[in-house]
Amino acid sequence: MKSKLFFAGRPEKPLVIAHRGARAYAPENTLAAATLAHTVQADAWELDVNYTRDGKLVVMHDDSLARTTNITTHPDFAGAPSLRVCDFTLEEIRRLDAGSWYAQTDPHGRIAAGEMPPSMVQSFTGMAVPTLEEALTLTKSLSWRVNVEIKNHEHLIGHTRVTKDVLDLIRKMDMVEQVIMSSFQLRYLLEAHTLLPELATGALVEGQRPADAVALCREHYASAYHPDRHLVCPDDLAALRDAGIAVNIWTINAMAEAETLTAYAATGMITDYPAATRAMMLAKGFRSA
Ligand code: G3P
Ligand code: MG
């Protein structure tokens, strides 16, 4: 198997990978969520990539801007026939507030639980949707790592070029060693193998457990398997480990589950709660931070 730089020198114990940043405690996929994840000693963060109408790569999970921005109340966009990311230019998307929704919806109940200082919640107001370049710049400045998940662009103009655009940026920023690219669209992994074979890639799976996870990864040149937690079984973990394929599981928010998976030698936990996951690992002696 080719060298996969993202995992070079990785610790013996599981990686803590902050899902969309430390999204339980900050608006997901923002630079604030990433910075917070770094502060609580996550090993890496995970983000989602989407395309704007003018072909710019932005960090956004949903196809629609409705849930994680203020587009439905912003006067500039009243009556907009579509709320999809791909129907707005980057300049338009940059006018949106990608932070206030956190206070308004308390998506993980952390405000109600009294865990969020009001000044911190306030600081999210007016946050911009980051470009992928900004997210990578932050990651690089922190000498950190990131899992770049490319969303499905099958129905968009970007389907034919998204992998190349993402990889060109990673290469331009000299971050091959700091990135693992993943996607449910396994064709993007094949494209990555052709375009930048030294980049680590993760095969995302959900819904149905593959008959042979090792074969699936090998067929797509994936250095890692990224299963939904519901699809994980000890036999697969053992087979993948024996095959030298990393296993990063999502989304692990219960610490008992994280502990069990650590015992089964999973490579990484993609979690909304990186601080708690790190604390659990320290308490159990799984690794020193
Ligand atoms: O990359 C792991 C996980 O983020 C995949 O699902 O929907 O949260 O992007 P989703
Ligand atoms: Mg994701």
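Scroll up to find the structure this text is about.
An account of the accompanying structure is given in this report. Treat the numbers as computed from the prediction; the structure is a model and nothing was measured.

### Some details on the site of ligand 1
Then step 1. With respect to spatial proximity, the complete set of residues near ligand 1 consists of H19, R20, E46, D48, H61, E149, K151, F184, L204 and W250.
Then step 2. The separation between an oxygen atom of ligand 1 and a polar side-chain atom of R20 is 2.8 Å.
Then step 3. Separating an oxygen atom of ligand 1 from a side-chain N or O atom of K151 is a distance of 2.7 Å.
Then step 4. For ligand 1, the protein covers 91% of the area, taking 290 Å² as the surface of the free molecule.
Then step 5. Across the shell around ligand 1, the residue classes break down as 3 nonpolar, 2 polar and 5 charged.

### Points about the nonpolar core
In globular proteins that are soluble, nonpolar side chains generally tend to be buried together.
Then step 1. Counting 59 residues, the largest nonpolar core has L47, L132, L136, V148, V166, I170 and Y225 as its most contacted members.
Then step 2. Element by element, the count of residues in this core is highest for helix α6 (residues 162-172), at 5 residues.
Then step 3. Discounting chain neighbours no more than four positions away, the residues touching V148 are L47, V49, L132, L136, V166, V179, I180, M181 and S182.
Then step 4. Among the nonpolar cores identified, the runner-up in size contains 12 residues, and L65, I71, F77 and L96 belong to it.

### Section: the packing of aromatic side chains
Then step 1. All chains considered together, the criterion is met by 6 aromatic pairs.
Then step 2. For the ring pair F77 and F88, a centre distance of 5.6 Å and an interplane angle of 85 degrees mean the geometry is edge-to-face. Of this pair, F77 sits in the loop between β3 (57-59) and α2 (90-93) while F88 sits in the loop between β3 and α2, and the two are 11 residues apart along the sequence.
Then step 3. Assessed through its relative accessible area of 7%, F77 is described here as buried.
Then step 4. Relative accessible area serves as the criterion here: at 7%, F88 is assigned to the buried category.
Then step 5. Ring plane angle 75 degrees and centroid distance 6.4 Å describe the contact between W101 and Y102, whose orientation is recorded as edge-to-face. Y102 matches W101 in its accessibility class, with the two residues each being buried.
Then step 6. By way of ring pairs, the aromatic residues W101, Y102 and F124 are connected into one cluster.
Then step 7. For R67, the ring lying beneath its charged end belongs to W101, and the centroid distance is 5.9 Å.

### Some details on unusual backbone geometry
Then step 1. The linkage connecting W250 with the following residue, T251, adopts the cis geometry, with an omega of -15 degrees.
Then step 2. The residue T251 is located in the loop between β8 (246-250) and α10 (255-263) in this model.
Then step 3. Backbone geometry at N29 places phi at a positive 60 degrees, although glycine is not the residue there.
Then step 4. Here N29 shows up in the loop between β1 (15-19) and α1 (31-39).
Then step 5. Positive phi, close to 45 degrees, is recorded for D106, a residue that is not glycine.

### Considering the pattern of salt bridges
Then step 1. According to the stated counting rule, one finds 22 salt bridges in the structure shown.
Then step 2. Put simply, R278 and D43 hold a salt bridge, and the shortest N to O gap is 2.9 Å. Of this pair, R278 sits in helix α11 (residues 274-283) while D43 sits in the loop between α1 and β2 (44-51), placing them 235 residues apart in sequence. Neither residue differs from the other here; R278 and D43 are each classed as buried.

### Here we look at α6
Then step 1. Taken as a whole, α6 has its buried residues at V162, T163, V166, L167, L169 and I170. Each buried residue of α6 sits inside an arc of 155 degrees when the element is viewed along its axis, so together they form one side.
Then step 2. Buried residues in α6 make contact with β2, β3, α5 (132-141), β4 (146-150), β5 (179-183) and α7 (186-195).
Then step 3. Trailing α6 by a residue or two, D174 shows a phi angle of about 55 degrees, which is positive.

### A short note on the pairing of β2
Then step 1. Within β2, 8 of the 8 residues are buried, which leaves the element mostly enclosed by the surrounding structure.
Then step 2. Residues A44, E46, D48 and N50 line one face of β2 and the alternating positions W45, L47, V49 and Y51 line the opposite face, and both faces are buried.
Then step 3. Direction of pairing for β1 relative to β2: parallel, over a ladder of 3 bridges. Across the sheet, H19 pairs through a bridge with E46, a residue of β2.
Then step 4. With α1 bridging β1 and the parallel β2, this β-α-β connection has right-handed handedness.
Then step 5. Both β2 and β4 contribute to a ladder of 5 bridges, which runs parallel. When the sheet's bridge partners are listed, E46 is paired in β4 with N147.
Then step 6. Two elements, β2 and β3, share 3 bridges in a ladder whose sense is antiparallel. Its bridge partner lying in β3, V49 is registered against V59.

Parameters at a glance
Residues numbered from 1 in each chain as written. Chains lettered and ligands numbered in written order. Predicted model: local features only at pLDDT ≥ 70, side-chain atom pairs only at ≥ 80, totals over all residues. Heavy atoms only, no water. Near = heavy atom within 4 Å. Polar contact = N/O pair within 3.5 Å; in protein donor to acceptor, adjacent residues only side chain to side chain. Areas by Shrake-Rupley, 256 points an atom, 1.4 Å probe, with all protein chains shown as cover. Nonpolar A, V, L, I, M, F, W, Y, C, P; charged D, E, K, R; others polar. Core = buried A, V, L, I, M, F, W, Y, C linked by side-chain atoms within 4.5 Å. Buried < 20%, exposed > 50% of the residue type's maximum accessible area, 1.4 Å probe, protein only. Helix = DSSP H or I, 4+ residues; strand = E, 2+ residues; numbered from the N terminus. Contact = heavy atoms within 4.5 Å. Phe/Tyr/Trp six-rings, centres within 6.5 Å; stacked < 30°, edge-to-face > 60°. Lys NZ or Arg CZ within 6 Å of the ring centre and 35° of its normal. Salt bridge = Lys/Arg side-chain N within 4 Å of Asp/Glu carboxyl O. Arc of directions from axis to C-beta. Pairing = 2+ DSSP bridges. Right-handed = clockwise from strand over helix to strand, strands pointing away.

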